[in-house]
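# Reading the structure
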Amino acid sequence: MKLFIDASVALAAAGQKTGASRAIFDAAPPMGWELQASNYVLREIAANLHRFPPLAAQEWPALAQRLLIVRDLTSFDYPAVFSPGKDRPVLFTAAGWADVLLTLDRQHFGRFFQSGFYSLRVSPPGDFLAAERKAGRLSLP
């Protein structure tokens, strides 16, 4: 499964060694999940890393190595009504390359949590992990 990691999830994973965002990074290798991000997301992380505890800057390089960097997509072949210009590349890039967009940004992406965006599933990390456990695909603590 291909999981696109939004900057909010990456920063949360770097800033805290526990929690669902970090669990995504830890579970990816044994589960065979491909963790993706784009240069746009990496720039967002770099611009905001200083806002997190010093632990985040120490943890981020190792977490970044687990990501496959995919090409940013700034347009989409299907109709899309999504106004926040800053988050449009995240949504379009995830839809172009991944099965799931993992984000903590409920303000901009929350409306897609139940419905998805075309074939892209959009979810906070904790909800994604719970759904995987419920479906019997994840047995990690």
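Residues numbered from 1 in each chain as written. Predicted model: local features only at pLDDT ≥ 70, side-chain atom pairs only at ≥ 80, totals over all residues. Heavy atoms only, no water.

A word on the nonpolar core. In this structure, I5, I24, W33 and L101 are the most contacted members of the largest nonpolar core, which totals 44 residues. Of the residues forming this core, the biggest block, 6 residues, is contributed by helix α1 (residues 7–15). (Core = buried A, V, L, I, M, F, W, Y, C linked by side-chain atoms within 4.5 Å. Buried < 20%, exposed > 50% of the residue type's maximum accessible area, 1.4 Å probe, protein only. Helix = DSSP H or I, 4+ residues; strand = E, 2+ residues; numbered from the N terminus.)

For the rest of this paragraph, the subject is the packing of aromatic side chains. For the structure on display, the rule yields 4 aromatic pairs. Taking 5.2 Å as the distance between ring centres and 65° as the angle between the ring planes, the aromatic pair formed by W33 and F128 counts as edge-to-face. You can see W33 sitting in the loop between α2 (20–31) and β2 (34–38) and its partner F128 sitting in helix α8 (residues 125–134), a full 95 residues away along the chain. Taking the relative accessible area as the measure of exposure, F128 reaches 0% and is therefore buried. Between the aromatic rings of F117 and Y118, the centroid separation amounts to 5.2 Å while the plane-to-plane angle is 85°, which identifies the pairing as edge-to-face. (Phe/Tyr/Trp six-rings, centres within 6.5 Å; stacked < 30°, edge-to-face > 60°.)

The next subject is the pattern of salt bridges. For the structure on display, the rule yields 6 salt bridges. In this structure, E59 engages R22 in a salt bridge whose closest nitrogen and oxygen atoms are separated by 2.6 Å. Residue E59 is located in helix α4 (residues 54–64), and its partner R22 is located in helix α2; the two are separated by 37 residues in the primary sequence. For the residue pair E59 and R22, the accessibility class agrees, reading buried in each case. Notably, a salt bridge pairs R121 with E132, separated by 3.6 Å at the nearest N-O pair. A residue pair is termed long-range when its members are at least 10 positions apart, and R121 in strand β5 (residues 121–123) and E132 in helix α8 qualify at 11 residues. Using a relative accessible area of 29% as the deciding quantity, one classes R121 as partly exposed. Where salt bridges share partners, they join K17, R22, D26, E59 and R66 into one cluster. (Salt bridge = Lys/Arg side-chain N within 4 Å of Asp/Glu carboxyl O.)

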